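Below are the chains, spelled out letter by letter.
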Amino acid sequence: MQAGGSIGDFVANLNTFSLLVVPKPGELESGFKAMLTEFERIQKYGFTQTELDRALADMKKGNEMAYIERDKKKSDSYVNRYLNYFIDNEPALSNEASYSLTKQLLPTLKLEEVNSLVKKYYTDLNRDILIMGPEKEKANLPTEQAVLGWVKAVEDSPVSAYEDKVSNLPLLSKEPTKGTIVSSKDVTAVQAKELVLSNGVKVILKPTDFKNDEIQIMAYSPGGTSLYADADYFSASNASSLVDASGVGQMNNVELTKYLAGKEVSISPYISERYEGLSGSTDKEGLKNAFELIYGYFTEPRLDSDVFQSTMTRAKGSLENRLSDPNNVFSDKVKAVLYGNNIRRQNATVETLTKIDRDRALAIYKERFADASDFVFTIVGSFDEAQIKPFIETYLASLPAVKRGENYKDLNILEPNKGERVVVHKGKEEKASTQLAYYGDYNYSESENVNMEALESVLTIKLLERLREKEGGVYGVGARASFGKLPKARYAFSIGFGSAVDKADALIASALDEVKKIQDQGADKVDIEKFVAEQKDRMN
C-alpha cells in the first residue's frame, strides 16, 4: 500500500537511512521483499541522470518560488530558522543568501555524488528491522530468522537496472479549436471582471497581490452526485479521484508527474454532492500547462485499469482494521443515528468499496464534464488580464457545450429534530471522548455568520475557564460552529473534549450549563471584545 525511504534525523547528532513499507493485509513477506528489491536496485545501479535532472528542476523551481515570495513570508518561517540556528547550529541564512547559494550549488551536483550517498547509508551494518501490526495478528508475525531469510533472498536474487521511461507524446492528442470572449463586464462589488465565452462558460477574473507569482483557479457547475441513484453513489463519489490518479490525455499518472517536473502547476477534478469542477494553482510560467490540464480533464479523461485495481487494493487494505479504532466505531454510530443509515452519509468500509464499478465511474465522470456551458471559472492571483486571455480563448472557450441546463437535487438529508444520547464502549484506555452537537435551520447572512463565529469564540473561552481551569477535568475543550447556505440554510455547532470516564457526565452537565448561561444572559462584554480584537489582528 505504501513504501519509501529517506535519510534524516533520528535522534540528536544521529542520521539514519530509514525504509518503510505498509503491505497489503496478509502480504507482509511479499510487500517487504518488493520494497527491499527496489532499494537493492538503487544500491547496485543508482539513479538515472534523467531522474536526477527532474529532481534538480523541482529544487530549482522551489528555490525560485521561495525567493519570488520572500516579502510575503510569514513570521514563523523566520522563527524556525533562528530556532534551528540556536538548537542545531544550522546557518540562519537570509532569503537572498539562501537563494544565491542554492542557485550556485544546484548545477554542481553530480549523479555519482547522489548515488554514493545510497551506498554510504544503505548497508548491512547497524541495521534494525521493526515490525508493527494489529494485536490480532501477533501470532502470525514472522520470527527474526524468517525476516533475515527474506533479506538474504532479496540480496541473492538478480535485479536489473531501472529504465526511466519518459513519454514523448504531447499531453493532448489534439489542439483545441479556439473560441471567443463574447462579453465582458465589471463586478464592482469585488473589483473583478466577468467574461462570458462563446460556449457559455463564465470566467471571473480577480487580479490580487497577496502572492507575487501564484494564480488560483476554481471551477464549478451544479449537479454532482445528487443526480445519481443510490446504486451509483459509490461509483459517482469516487469517480474524480480515480480519474485524477490515472493521469490525463496521452499520459498516465507516472508520465504526467515526470512531464510536470520543475513546474509549479497543480490541477485536479472533483465531484461533490452538489457540484463538479476543478481546482488548483499555477505560477505565470505554468499557465499553459494548467490550461492544458483543464482542457484534458474535460475532453480526454482516463481511468486506467491498473490504477483502479491498485487504488481499490490499497483502500481495502487501509480499511481492513478500521473498527479497531474507537473513533471510527463512534463516528459510524453517530452517523447512523443522525442520518438513518443513509449510504450518502456513511464512512467508507471494505464493503462499500466493492460497490465501485470502474466503467460506471468513468461514464459518470464523462457525463459530469460533458457540458461546460454552465461552468463558472474563478481565476484569482498575480496575473495580467492581457496575458491570460489567450489561454481562456484557446482552452476554456473551446470546451464542449450542449447547454443542458442542469441543477443539483436537494436530497433533504437532515439531522433529526429530537436529540439523542449515544454511548459507544470501545477501546482499552480508561478514557472518554465526548461530543455535544446541535443542528438546525439557519438565517444565513454576513452579520449572522459573524455572530456565529463570535459565539464559537466566546463559548470556547467559557468552557476552558470552567472545564479546564476551574474543574480541572479536561486538558483541552472547544466549541466549533459551521454553517451553509445551500441547499437549505443550516448550522451545526459542536463541543468536544476528552476526560476520565468517571468525570464525563459531570463535565457534560457543566458544558450544558455554560451554554444555558449564554442563552439566558448573553455573552460577557470582555469576551466579545477579545473576539473583536482577534478579528482585527487577522485582518491586519
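In what follows, the accompanying structure is described. Note that the structure is predicted; figures quoted are calculated from it, not measured.

1. Quick notes on the nonpolar core
At step 1: Counting 53 residues, the largest nonpolar core has Val-203, Phe-377, Ile-379 and Ile-392 as its most contacted members.
At step 2: At eight residues, helix α9 (residues 287–299) tops the list of elements feeding residues into this core.
At step 3: When neighbours within four sequence positions are excluded, Ile-392 is seen to be in contact with Leu-195, Leu-197, Val-203, Leu-205, Phe-291, Ile-379 and Ala-397.
At step 4: Within the second largest apolar cluster, 19 residues are counted, among which are Ala-481, Phe-493, Ile-495 and Ala-511.

2. Here we look at the packing of helix α15 (residues 446–470) against helix α17 (residues 525–539)
In a pair of packed helices, the angle between the axes and the distance between the axes together describe the arrangement.
At step 1: Running from N to C, α15 and α17 cross one another at 120 degrees; their axes reach a closest spacing of 9 Å. In terms of their interaxial angle, α15 and α17 are classed as oblique. With respect to the hand of their crossing, α15 and α17 are arranged in right-handed fashion. Of the residues in α17, those in contact with Val-450, Glu-453, Ala-454, Ser-457, Val-458, Ile-461 and Lys-462 of α15 are Asp-527, Ile-528, Lys-530, Phe-531 and Glu-534.
At step 2: Tallied by class, residues from the contact of α15 with α17 come to six nonpolar, one polar and five charged.

3. Some points on the sheet that holds strand β7 (residues 265–271)
The pairing of strands in a sheet happens through backbone hydrogen bonds and is either parallel or antiparallel.
At step 1: Pairing within the open sheet is mixed, and its seven strands lie in the order β3-β4-β5-β9-β6-β8-β7. Each end of this open sheet is capped by a strand with a single partner; those strands are β3 (181–187) and β7. Averaged over neighbouring strand pairs, the angle between their axes works out to 15 degrees when direction is ignored.
At step 2: Judged from the seven bridges that link them, β7 and strand β8 (residues 275–282) form a sheet pairing that is antiparallel.

4. Topic: unusual backbone geometry
At step 1: In the segment running from Leu-486 into Pro-487, the intervening peptide bond is cis, with an omega of -5 degrees.
At step 2: Within the secondary structure, Pro-487 is located in the loop between β11 (477–484) and β12 (490–499).
At step 3: Although it is not a glycine, Asn-89 adopts a positive phi angle of roughly 60 degrees.
At step 4: When you line up the elements, Asn-89 lands in the loop between α3 (75–88) and α4 (95–105).
At step 5: Within the chain, Asn-126 stands out as a residue other than glycine whose phi angle is a positive 50 degrees.
At step 6: By the element assignment, Asn-126 lies in the loop between α5 (111–121) and α6 (144–156).

5. Some details on the sheet that holds strand β10 (residues 432–441)
At step 1: Spatial strand order, β10-β12-β11: three strands in an open sheet with antiparallel pairing. The open sheet has two edge strands with one neighbour each: β10 and β11. Going across the sheet, the axis of each strand differs from the next one's by a mean of 15 degrees, ignoring polarity.
At step 2: Pairing between β11 and β12: eight bridges, direction antiparallel. Residue pairing across strands places Gly-484 opposite Arg-490, the latter belonging to β12.
At step 3: Packed on one face of the sheet, helix α16 (residues 504–521) meets β10 and β12 and runs near 30 degrees to β10.

6. Digging into the pattern of salt bridges
At step 1: Under the criterion given, the structure shown has 41 salt bridges.
At step 2: Salt-bridge contacts for Lys-462 lead to Asp-527; the nearest nitrogen and oxygen are separated by 3.2 Å. Of this pair, Lys-462 sits in helix α15 while Asp-527 sits in helix α17, and the two are 65 residues apart along the sequence. Grouping residues by exposure puts Lys-462 and Asp-527 together as buried.

7. A few points about the packing of aromatic side chains
At step 1: Counted under the stated rule, the structure contains 21 aromatic pairs.
At step 2: Both rings, one in Phe-17 and one in Tyr-122, keep their centres 5.9 Å apart while their planes meet at 90 degrees; by these two values the pair is edge-to-face. Of this pair, Phe-17 sits in strand β2 (residues 14–22) while Tyr-122 is found in the loop between α5 and α6, placing the two residues 105 residues apart along the sequence.
At step 3: Ring geometry for Tyr-233 against Phe-234: centres 5.3 Å apart, planes inclined by 70 degrees, an arrangement best described as edge-to-face. The exposure classification of Tyr-233 matches that of Phe-234, with both residues buried.
At step 4: Through successive ring pairs, a cluster of aromatic residues spans Phe-298, Tyr-365, Phe-369, Phe-375 and Phe-377.
At step 5: Positioned above the aromatic ring of Tyr-67, the side-chain terminus of Arg-70 is 3.8 Å from the ring centre.
At step 6: Cation over ring: Lys-263 sits above Tyr-259, and NZ or CZ is 4.2 Å from the ring centre.

8. Quick look at a nonpolar patch on the surface
At step 1: Taken together, Val-79, Tyr-82, Leu-83, Tyr-85, Phe-86 and Ile-87 make up a surface patch of nonpolar side chains, about 680 Å² in accessible area.
At step 2: One can find Val-79 in helix α3.
At step 3: Judged by relative accessible area, which is 45%, Val-79 ranks as partly exposed.

9. Some points on helix α11 (residues 326–339)
At step 1: With 14 residues, α11 ought to run about 20 Å at 1.5 Å a step, and its terminal C-alpha atoms sit 20 Å apart, in line with that.
At step 2: At the N-terminal boundary of α11, the capping side chain belongs to Asp-325, with an oxygen 2.9 Å from the backbone nitrogen of Asn-327.

10. Description of the environment of Leu-93
At step 1: Within the secondary structure, Leu-93 sits in the loop between α3 and α4.
At step 2: Assessed through its relative accessible area of 33%, Leu-93 is described here as partly exposed.
At step 3: Separated by 175 residues in the primary sequence, Leu-93 and Ser-268 place their C-alpha atoms 35 Å from one another.
At step 4: With residues near it in sequence (within four places) discarded, Leu-93 still touches Arg-81, Ser-98 and Leu-101.

11. As for the pairing of strand β1 (residues 2–11)
At step 1: In this structure, β1 lies alongside β2, joined through nine bridges in antiparallel fashion. Note that in β2 the partner of Gly-4 across the bridge is Leu-20.

12. Notes on the pairing of β7
At step 1: Of the two faces of β7, the one lined by Val-265, Ile-267, Pro-269 and Ile-271 is fully buried and the one lined by Ser-266, Ser-268 and Tyr-270 carries no buried residue.
At step 2: Linkage of β7 to β8, two consecutive antiparallel strands, is achieved through a turn of three residues.

13. Looking at helix α2 (residues 49–68)
At step 1: Relative to the 28 Å expected for 20 residues at 1.5 Å per residue, α2 spans 28 Å between its end C-alpha atoms, a close match to the ideal helical length.
At step 2: Considered for burial, the residues of α2 that qualify are Leu-52, Arg-54, Leu-56, Lys-61, Asn-63 and Met-65.
At step 3: Looking at the buried side of α2, the elements it contacts are α4, α5 and α8 (253–259).

Parameters at a glance
Residues numbered from 1 in each chain as written. Predicted model: local features only at pLDDT ≥ 70, side-chain atom pairs only at ≥ 80, totals over all residues. Heavy atoms only, no water. Core = buried A, V, L, I, M, F, W, Y, C linked by side-chain atoms within 4.5 Å. Buried < 20%, exposed > 50% of the residue type's maximum accessible area, 1.4 Å probe, protein only. Helix = DSSP H or I, 4+ residues; strand = E, 2+ residues; numbered from the N terminus. Contact = heavy atoms within 4.5 Å. Axes fitted to C-alpha atoms, helices over the stretch in contact; angles between N-to-C directions. Parallel < 35°, antiparallel > 145°, perpendicular 65-115°, else oblique. Left-handed = near helix turned anticlockwise from the far one by under 90°. Nonpolar A, V, L, I, M, F, W, Y, C, P; charged D, E, K, R; others polar. Pairing = 2+ DSSP bridges. Salt bridge = Lys/Arg side-chain N within 4 Å of Asp/Glu carboxyl O. Phe/Tyr/Trp six-rings, centres within 6.5 Å; stacked < 30°, edge-to-face > 60°. Lys NZ or Arg CZ within 6 Å of the ring centre and 35° of its normal. Patch = residues over 30% accessible without salt bridge, like charges linked within 9 Å, V, L, I, M, F, W, Y side chains within 5 Å. Areas by Shrake-Rupley, 256 points an atom, 1.4 Å probe, with all protein chains shown as cover. Expected span 1.5 Å × (residues − 1). Polar contact = N/O pair within 3.5 Å; in protein donor to acceptor, adjacent residues only side chain to side chain.

Spatial relationships are all this shows, so hold off on functional conclusions.
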